[in-house]
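# A look at the structure
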Amino acid sequence: MIRGLLFDLDGVLVDTAKYHFLAWQRMASALGIPFGHKENEQLKGVSRRESLERILAWGKLTLPEPEMQHWMDLKNQWYLEYVEHMDPQEVLPGVRSFLADARAQGYLIGLGSASKNAIPLLKKVDLFSYFDAIVDGHVVTESKPHPAVFLEGAKLLALLPEQCVVFEDAVAGVEAAKRGGMRCIGMGRQEELPLADKVISGFENQTVSGLLAGLSLL
Ligand code: B16
Ligand code: MG
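Quantities reported herein were computed from a predicted structural model and do not represent experimental measurements.

### Regarding the overall build of the protein
Helices and strands together make up the secondary structure of the protein, namely nine helices and six strands. The C-alpha radius of gyration computed for the protein amounts to 17 Å, which stays within 12% of the reference 17 Å derived for 218 residues, consistent with globular compactness. Seen through its C-alpha atoms, the protein measures out along the principal axes to roughly 50 × 35 × 30 Å. Taking contacts inside the protein between residues at least 6 apart in sequence as the whole, the part at least 24 apart equals 61%. By element, 51% of the accessible surface of the protein is carried by carbon and sulfur atoms, the whole surface being about 10,100 Å². Placing the 22 positive and 28 negative side-chain charges of the protein at their respective mean positions leaves the two points 2 Å apart.

Now the structure itself:
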């Protein structure tokens, strides 16, 4: 029986994925590396360091550690400038009522995000109080598709993986959930998330019981 829901942050609860894209694109452009939406798709859910490593590899560049650190700091500084203006209005449609419904139904709620900015962001958009457990990039260093971020989330909720459903928008994140032995609802387009048990375009007009019934998990 499903007792816990684990949510990715960027692209599932808030539309910060576009700000990660803009910041990486700005950095890639400064380094003379072509970077578009196709490349960005491969960075969703991937840690800051591994994202930088992938971009440098695409540009056939290697940099010494202090320069790597410099670019990671700069990318994060740009990202934080972009998200600075965010407010509770920018929570994705239907998210707040879905979380409220889940709580009212007694489900435990966890966050499984690769981001080191997850907690301040949740507080900024006023979603923090919905969460019983938070696993972010400070807690787990392995990047999705490694399942650690969701396994740790289940553990903090004192649940088994098979008692949890993950909500993910990234290919790497869906793979992480499946490798962790969890059901996964993909957020986005079916053809981009073929490993997900079900794909929905967003939380608007969705309820936990409706979604779980559709997966024969009630
Ligand atoms: P930060 P998620 C991920 O968050 C993003 O999808 C990914 O683009 C980003 O590089 C990663 O967090 C690290 O974020 O630089 O803020 O630590 O989708 O797992 O919630
Ligand atoms: Mg995401």
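### Overview of the layout of surface pockets
Taken as a whole, the largest pocket encloses approximately 530 Å³ of empty space. As for the largest pocket, its lining consists of 32 residues, and the residues nearest its centre are Val 46, Ser 47, Arg 48, Ala 114 and Ser 115. Broken down by secondary-structure element, the contributors of at least two residues to the lining of the largest pocket are helix H1 (17-30), helix H3 (48-58) and helix H4 (65-83). Taken together, the residues of the lining of the largest pocket break down into nine nonpolar, 12 polar and 11 charged. Estimates place the volume of the second largest pocket at around 360 Å³. What lines the second largest pocket is a set of 19 residues, among which Gly 11, Asp 169, Met 187, Gly 188 and Ser 201 lie closest to the centre.

### Topic: the site of ligand 1
In the region of ligand 1, 17 residues are neighbours, and Asp 10, Ser 113, Ser 115, Lys 116 and Asn 117 sit closest. Within the side chain of Asp 8, an N or O atom sits 2.8 Å from an oxygen atom of ligand 1. Here an oxygen atom of ligand 1 and a side-chain polar atom of Ser 115 are 2.6 Å apart. Against a free-state accessible area of 460 Å², the protein chains account for coverage of 97% of ligand 1. Under a 2 Å grid-point criterion requiring more than half of the atoms, the pocket assigned to ligand 1 is the largest pocket. Taken together, the residues of the shell around ligand 1 break down into four nonpolar, six polar and seven charged. Composition of the shell around ligand 1 by domain shows at least three residues from each of domain 1 (4-15 + 90-214) and domain 2 (17-83).

### Considering the packing of H3 against H4
In contact at an axis separation of 10 Å, H3 and H4 are set at 110 degrees when each is read in the N-to-C sense. Classed by the angle they form, the pair H3 and H4 counts as roughly perpendicular. For the pair H3 and H4, the sense of crossing is right-handed. Touching Arg 48, Arg 49, Leu 52, Glu 53 and Leu 56 of H3 are Glu 65, Met 68, Gln 69, Trp 71, Met 72 and Asn 76, all from H4. A breakdown of the residues in the contact of H3 with H4 according to their chemical character gives five nonpolar, two polar and four charged.

What counts, and where the lines are drawn
- Residues numbered from 1 in each chain as written.
- Chains lettered and ligands numbered in written order.
- Predicted model: local features only at pLDDT ≥ 70, side-chain atom pairs only at ≥ 80, totals over all residues.
- Heavy atoms only, no water.
- Helix = DSSP H or I, 4+ residues; strand = E, 2+ residues; numbered from the N terminus.
- Rg over C-alpha atoms; globule rule 2.2 N^0.38 Å.
- Contact = heavy atoms within 4.5 Å.
- Areas by Shrake-Rupley, 256 points an atom, 1.4 Å probe, with all protein chains shown as cover.
- Lys, Arg positive; Asp, Glu negative; His and termini not counted.
- Charge placed at Lys NZ, Arg CZ, Asp CG, Glu CD.
- 1 Å grid on protein atoms, 1.4 Å probe; cavity = no way out; pocket = protein on both sides within 12 Å on 5 of 7 lines; lining within 4 Å.
- Points joined across faces, edges and corners; volume = space filled by probe spheres on them.
- Nonpolar A, V, L, I, M, F, W, Y, C, P; charged D, E, K, R; others polar.
- Near = heavy atom within 4 Å.
- Polar contact = N/O pair within 3.5 Å; in protein donor to acceptor, adjacent residues only side chain to side chain.
- Sits in = over half its atoms within 2 Å of the grid points.
- Domains from an automatic or database assignment.
- Axes fitted to C-alpha atoms, helices over the stretch in contact; angles between N-to-C directions.
- Parallel < 35°, antiparallel > 145°, perpendicular 65-115°, else oblique.
- Left-handed = near helix turned anticlockwise from the far one by under 90°.

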